[in-house]
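These are the residues of each chain, in order.
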Amino acid sequence: MQRLQDRVAVITGAGSGIGLATAQRFAQEGAKIVAVDLDEVAGAKVADEVGGLFVRADVADEDDVVRMYQTAFDTYGSIDVAFNNAGISPPEDDSILDTGIEAWRRVQEVNLTSVYLCCKHVLPYMRRQGKGSIINTASFVAVLGSATSQISYTASKGGVLAMSRELGVQFAREGIRVNALCPGPVDTPLLRELFAKDPERAQRRLVHVPIGRFARAEEIAAAVAFLASDDSSFITASEFLVDGGISGA
Ligand code: NAD
């Protein structure tokens, strides 16, 4: 019997990076995958690869979020794991002096409001089942702040962390665990895009990582699989750092 045998897992942002690696890892561990993404081509590809279901949804849109969980439940009959992971990095210089209100709002919508919507609409399913694991992707910057000037991103991830703690406490007695995953820098398209615009930023970031390299998405996926499984049954409301030692340095 595998750790996630027949668990139904809804993964947002499954088309790329951490979400993609997690869909692959969950499938190896026996889960049934509902892959959610805005990108139809990438999302359908991963769903096909892991033998799961693809739902195209914008996680910042409440109707889409309601529909994605309804589709997951109608197809598989339960929702055991919600990995609320889709996110974006700011499109431009994101120091507080330069960031515009529209860019700020978009980052809050995709990174923070989406997590509120996903938790709000998956919790009723999990409460009826009397169990579930919710993992919300925050970031190490939620705990430590950022040395590289990304105010809207850092604020959004701080919100994800605080919300996860509160929900973890609130629903602990109902068998539902809620944890904030806080990765350090991970070698994914999101990070590569950011560093392509500003190569020095990569070097500045790297010097803060004691392990001396960025994470591979598979290393983050391994931590998500642990949080999704019963191996982490006493872990809730946590900031789960997978950061190559940044927070200890
Ligand atoms: P990525 O860009 O490789 O993948 C993100 C996926 O989310 C893409 O497939 C994209 O299409 C999808 N997506 C974006 N907006 C969406 C929306 N509105 N609705 C549905 N899907 C949407 O990024 P990644 O590096 O794998 O990041 C995943 C999560 O991890 C994000 O929340 C990010 O902030 C967080 N994170 C990343 C790093 C890093 O260094 N890469 C570090 C800490 C936290």
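Scroll up to find the structure this text is about.
For clarity, every value in this text was computed on a predicted model and none was experimentally measured. (Residues numbered from 1 in each chain as written. Predicted model: local features only at pLDDT ≥ 70, side-chain atom pairs only at ≥ 80, totals over all residues. Heavy atoms only, no water.)

Helix and strand content of the chain: 9 helices and 7 strands. In terms of overall dimensions, the chain is globule-like: its C-alpha atoms have a radius of gyration of 17 Å, near the 18 Å expected for 249 residues. Principal-axis analysis of the C-alpha atoms gives the chain an extent of 50 × 35 × 35 Å. Residues classed as buried in the chain amount to 51% of the 249 residues present. Long-range pairs, those at least 24 residues apart, make up 70% of the contacts in the chain with a sequence separation of at least 6. (Helix = DSSP H or I, 4+ residues; strand = E, 2+ residues; numbered from the N terminus. Rg over C-alpha atoms; globule rule 2.2 N^0.38 Å. Buried < 20%, exposed > 50% of the residue type's maximum accessible area, 1.4 Å probe, protein only. Contact = heavy atoms within 4.5 Å.)

Attention now moves to the packing of helix α1 (residues 17–28) against helix α2 (residues 40–50). Two elements in contact, α1 and α2, have axes whose closest approach is 10 Å; the angle formed by their N-to-C orientations is 15°. In terms of their interaxial angle, α1 and α2 are classed as roughly parallel. For the element pair α1 and α2, the recorded crossing hand is right-handed. Contacts from Leu20, Ala23, Gln24 and Ala27 in α1 reach Val46, Glu49 and Val50 in α2. In terms of residue class, the contact of α1 with α2 is built from 5 nonpolar, 1 polar and 1 charged. (Axes fitted to C-alpha atoms, helices over the stretch in contact; angles between N-to-C directions. Parallel < 35°, antiparallel > 145°, perpendicular 65-115°, else oblique. Left-handed = near helix turned anticlockwise from the far one by under 90°. Nonpolar A, V, L, I, M, F, W, Y, C, P; charged D, E, K, R; others polar.)

As a further point, take the site of the ligand. In the vicinity of the ligand there are 28 residues, among which Ser16, Asp37, Tyr153, Val186 and Thr188 approach most closely. Between the ligand and the protein, one listed contact pairs an oxygen atom with a side-chain N or O atom of Ser16 at 2.6 Å. Here a nitrogen atom of the ligand sits 3.4 Å away from a polar atom, N or O, in the main chain of Ala57. Contact with the protein chains removes 92% of the 830 Å² of surface that the ligand exposes when unbound. Comparing atom positions with the cavity grids shows the ligand to sit within the largest pocket. (Near = heavy atom within 4 Å. Polar contact = N/O pair within 3.5 Å; in protein donor to acceptor, adjacent residues only side chain to side chain. Areas by Shrake-Rupley, 256 points an atom, 1.4 Å probe, with all protein chains shown as cover. 1 Å grid on protein atoms, 1.4 Å probe; cavity = no way out; pocket = protein on both sides within 12 Å on 5 of 7 lines; lining within 4 Å. Sits in = over half its atoms within 2 Å of the grid points.)

Another aspect to go through is the side chain of Thr22. Assignment of secondary structure puts Thr22 in helix α1. Aside from chain neighbours lying at most four places away, what touches Thr22 is Ile11, Phe83, Ala221 and Val224.

A few words now on a nonpolar patch on the surface. Nonpolar side chains collect at one region of the surface, where Ile96, Leu97 and Ile151 lie side by side and expose about 340 Å² of accessible area between them. With respect to the helices and strands, Ile151 occurs in helix α6 (residues 151–170). Judged by its relative accessible area of 31%, Ile151 falls in the partly exposed class. (Patch = residues over 30% accessible without salt bridge, like charges linked within 9 Å, V, L, I, M, F, W, Y side chains within 5 Å. Salt bridge = Lys/Arg side-chain N within 4 Å of Asp/Glu carboxyl O.)

Another aspect to go through is the sheet that holds strand β6 (residues 176–183). Across a sheet, strands are paired by hydrogen bonds formed along the backbone, either parallel or antiparallel in direction. Pairing is parallel across the open sheet formed by 7 strands, whose spatial order is β3-β2-β1-β4-β5-β6-β7. Strands with a single pairing partner mark the edges of an open sheet, and in this sheet they are β3 (53–56) and β7 (239–242). Across the sheet, the mean angle from the axis of one strand to that of its neighbour is 20°, orientation sign disregarded. With 4 bridges joining them, strand β4 (residues 81–84) and strand β5 (residues 132–137) adopt parallel strand pairing. Note on β5: the bridge partner recorded for Val81 is Ser133. Contacts between helix α4 (residues 101–129) and the sheet are confined to β1 (8–12), β4, β5 and β6, with β5 contributing the most and set at about 175° to the helix. (Pairing = 2+ DSSP bridges.)

Okay, empty space enclosed by the protein next. If you walk through the whole model with that rule in mind, you get 1 cavity of 30 Å³ or more. Estimates place the volume of the largest cavity at around 30 Å³. For the largest cavity, the full set of lining residues is Thr12, Val59, Asn84, Asn85, Ala86, Ser114, Val115 and Cys118. Of the residues that constitute the lining of the largest cavity, the class distribution is 4 nonpolar, 4 polar and no charged. (Points joined across faces, edges and corners; volume = space filled by probe spheres on them.)

Bringing the side chain of Thr137 into the picture now. Position of Thr137 among the secondary structure elements: in strand β5. Excluding its chain neighbours within four sequence positions, the residues that come into contact with Thr137 are Phe83, Asn84, Asn85, Lys157, Val160, Leu181 and Pro183.

We now examine the nonpolar core. Inside soluble globular proteins, nonpolar side chains tend to come together where they are buried. Ranked by size, the top nonpolar core spans 34 residues in total, and within it Val10, Met68, Tyr69, Ile79 and Ile134 carry the most contacts. Apart from the residues within four sequence positions on either side, Ile134 is in contact with Ala82, Asn84, Cys119, Val122, Leu123, Met126, Ile176, Arg177, Val178 and Asn179. (Core = buried A, V, L, I, M, F, W, Y, C linked by side-chain atoms within 4.5 Å.)

By the alternation rule, side chains of β4 split into Val81 and Phe83 and Ala82 and Asn84, which are all buried. Taken together, the 3 bridges between β1 and β4 define a ladder with parallel strand orientation. Along β4, the bridge assignment pairs Val10 with Ala82. Once you follow β4 into α4 and on to β5, the crossover reads as right-handed. (Right-handed = clockwise from strand over helix to strand, strands pointing away.)

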